[in-house]
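Residue-level structural notes
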Amino acid sequence: MNRKIVDSGVEWIGKIPQHWTTSKIKYIGQYVNGYAFKPEDWSDEGLPIIRIQDLTGSNANPNLYSGDLPQKYLVTKGDILVSWAATLDSFVWDRENGWLNQHIFKAIPNEELINKSYFYWLLKVAMENMNNDNKHGIMMQHVTLDVFNNFVVPLPPVCSQQKIADFLDRECSEIDALIRKTNLTIQEYRKLKQSVITYAVIEGVRGQREMKECKIEWIAQIPSDWDECRIKDVVYPKDKEIFETDEIVTCFRDGEVTLRRKRREDGFTVSFTEHGYHGVDIGDLVIHGMDAFAGAIGCSDSRGKTTPVVHVCDTVGNNRYFMYYLRSLAYGNILMDLSNGVRIRSSDYRNFARLGVFGALLPPREEQDEIVAYLDQKCEEIDRLIAQKELFLSELENYKKSLIYEYVTGKKEVQ
């Protein structure tokens, strides 16, 4: 059946079916803002404090609160929660009862106007579009209450809302299953990459050979012609001159060391001599003093300058071999044993030397080169597989967003 489509008068919505209406968000529900908990409110027992990290799945250790609060702050299974700061999105709470933290609304639908299931999908689309046009704040993106309340959304007849919600529940559930499966595959590829690196830097790439016992506590055996030493004996910091034309180079947690502007549009690419900065050349080994424990260790692909917390190094052999060796320590959580992570806030050698207490392996230079050639090839192959999966993941997420938008705004009709 052909439906007559008319202009909604709202830019982000566009055209809607003629029998649909529009409404400001404040008229279709009530919105309870969370309680402003303070650190001194936290406890070792009680109900969890539901923060944005709990909604996005990035908080493994929620804070607890053992006191009493008005019941409006209590969240129970099935409640709709709207994050209006940092991550702008809607969620259905599916875990144990908890207390609502600030920066989150508990959204209670006006059941005379809107179906609860459709309300969730509608808020998800609304927050996505508020995110596009009405962001406020510098350090934390957020939507003001005035913007939220007066944001105009499409509103189909109540009799159609459940049908749309059921369709989106079913279709998005299948997409989410694919997203989870793809994420697991990406994790497995990353674990494979870590294991390939660790095996190569400890046992080499020459196959069966004579081995000997290793004195380094986390390594059982190494090839008989390899030497043992301390990191400080083979890796040492270099304080290089910087030039006015140098841009900032940084080391990211995935190990890439490159010009910061290539990956971050934060305006910090002006070229002048900052206090404590030092130069870096292509091929230099770079260790991020704050994030080395997470794998932020690599060889620079650019000439530039680095902040004092990023250490520029040279080695007695192949810089890339020692890059891979140090990454293996990060993957095995060995670096976490040093001050809860290698966190060296100064370029002073005495602080850098804290890393040097760890044991290192020193294969002959010829074999270092062989290991590097092998790992460069293998890591490139695995990275290519990861990139393919990440592209597929992005396509799935974009398709899901498009699907929700098209049905919530009436561009497509559930058959």
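Use the structure listed above.
First, a word on scope: everything that follows refers to the structure included in this document. (Residues numbered from 1 in each chain as written. Predicted model: local features only at pLDDT ≥ 70, side-chain atom pairs only at ≥ 80, totals over all residues. Heavy atoms only, no water.)

**Digging into the packing of aromatic side chains**
One pass over the structure, following the stated rule, counts 14 aromatic pairs. When the ring of Tyr31 is compared with that of Phe105, the centres are 6.2 Å apart and the planes differ by 55°; the resulting orientation is tilted. With Tyr31 in strand β4 (residues 29-33) and Phe105 in strand β11 (residues 104-109), this pair connects stretches of sequence that are 74 residues apart. For Tyr31, a relative accessible area of 17% puts it in the buried group. (Phe/Tyr/Trp six-rings, centres within 6.5 Å; stacked < 30°, edge-to-face > 60°. Helix = DSSP H or I, 4+ residues; strand = E, 2+ residues; numbered from the N terminus. Buried < 20%, exposed > 50% of the residue type's maximum accessible area, 1.4 Å probe, protein only.)

**Remarks on the pattern of salt bridges**
Summed over the entire model, instances satisfying the criterion amount to 24 salt bridges. Between Asp176 and Lys400 there is a salt bridge; the shortest N-O distance is 2.8 Å. Of this pair, Asp176 sits in helix α4 (residues 158-203) while Lys400 is found in helix α8 (residues 365-408), placing the two residues 224 residues apart along the sequence. Judged by its relative accessible area of 18%, Lys400 falls in the buried class. Between Arg261 and Glu247 there is a salt bridge, with its nearest N and O atoms 2.6 Å apart. You can see Arg261 sitting in the loop between β18 (257-259) and β19 (278-280) and its partner Glu247 sitting in the loop between β16 (235-237) and β17 (249-251), a full 14 residues away along the chain. In this structure Arg261 comes out as partly exposed when scored by relative accessible area, which is 42%. A single network of salt bridges, built from pairs that share partners, joins Arg206, Arg209, Asp225, Glu367 and Glu370. (Salt bridge = Lys/Arg side-chain N within 4 Å of Asp/Glu carboxyl O.)

**Examining the pairing of strand β9 (residues 87-92)**
As paired strands, strand β8 (residues 80-85) and β9 are joined by 6 bridges and run antiparallel to one another. Looking at β9, one finds that Ser83 is bridged to Asp89. Linkage of β8 to β9, two consecutive antiparallel strands, is achieved through a turn of 1 residue, within which Ala86 is found at a positive phi near 65°. (Pairing = 2+ DSSP bridges.)

**Considering the sheet that holds β9**
Pairing in this open sheet of 4 strands is antiparallel, and the strands run β4-β11-β8-β9 from one edge to the other. Pairing within the sheet leaves two strands with one partner each, and these edge strands are β4 and β9. Here the average twist between neighbouring strands, direction ignored, is 25°. (Axes fitted to C-alpha atoms, helices over the stretch in contact; angles between N-to-C directions.)

**Observations concerning the layout of surface pockets**
A volume near 1,100 Å³ is recorded for the largest pocket. If you trace the largest pocket, you find 31 residues lining it, with Asp89, Phe91, Tyr120, Lys124 and Lys400 closest to the centre. Elements supplying a minimum of two residues to the lining of the largest pocket: α1 (52-56), β9, α2 (116-133), α4 and α8. Of the residues assigned to the lining of the largest pocket, the class counts are 12 nonpolar, 8 polar and 11 charged. Estimates place the volume of the second largest pocket at around 720 Å³. Lining the second largest pocket are 27 residues, with Lys193, Asp254, Gly255, Arg327 and Asp383 sitting closest to its centre. Contributions of two or more residues to the lining of the second largest pocket are made by α4, β21 (297-299), α6 (319-331) and α8. Broken down by element, the lining of the second largest pocket gets its largest block of residues, 7 residues, from α8. Broken down by class, the residue content of the lining of the second largest pocket amounts to 9 nonpolar, 6 polar and 12 charged. (1 Å grid on protein atoms, 1.4 Å probe; cavity = no way out; pocket = protein on both sides within 12 Å on 5 of 7 lines; lining within 4 Å. Points joined across faces, edges and corners; volume = space filled by probe spheres on them. Nonpolar A, V, L, I, M, F, W, Y, C, P; charged D, E, K, R; others polar.)

**Points about the nonpolar core**
By size, the foremost hydrophobic cluster in this structure holds 96 residues, and its most contacted members are Phe148 and Leu361. Per-element tally for this core: the top contributor is α4, with 13 residues. Leaving out residues up to four positions away in the same chain, Phe148 has contacts with Ile25, Tyr31, Val82, Phe105, Leu123, Met127, Met130 and Val143. Among the nonpolar cores identified, the runner-up in size contains 11 residues, and Val249, Val280, Val286 and Ala296 belong to it. (Core = buried A, V, L, I, M, F, W, Y, C linked by side-chain atoms within 4.5 Å. Contact = heavy atoms within 4.5 Å.)

**Remarks on the environment of Met211**
Mapped onto the secondary structure, Met211 falls in strand β13 (residues 211-213). The exposure class assigned to Met211 is partly exposed, which follows from its relative accessible area of 27%. Sequence spacing of Met211 and Ile222 is 11 residues, and the spatial spacing of their C-alpha atoms is 5.5 Å. Setting aside residues no more than four positions away along its own chain, Met211 makes contact with Glu203, Gln221, Ile222, Pro223 and Ser224.

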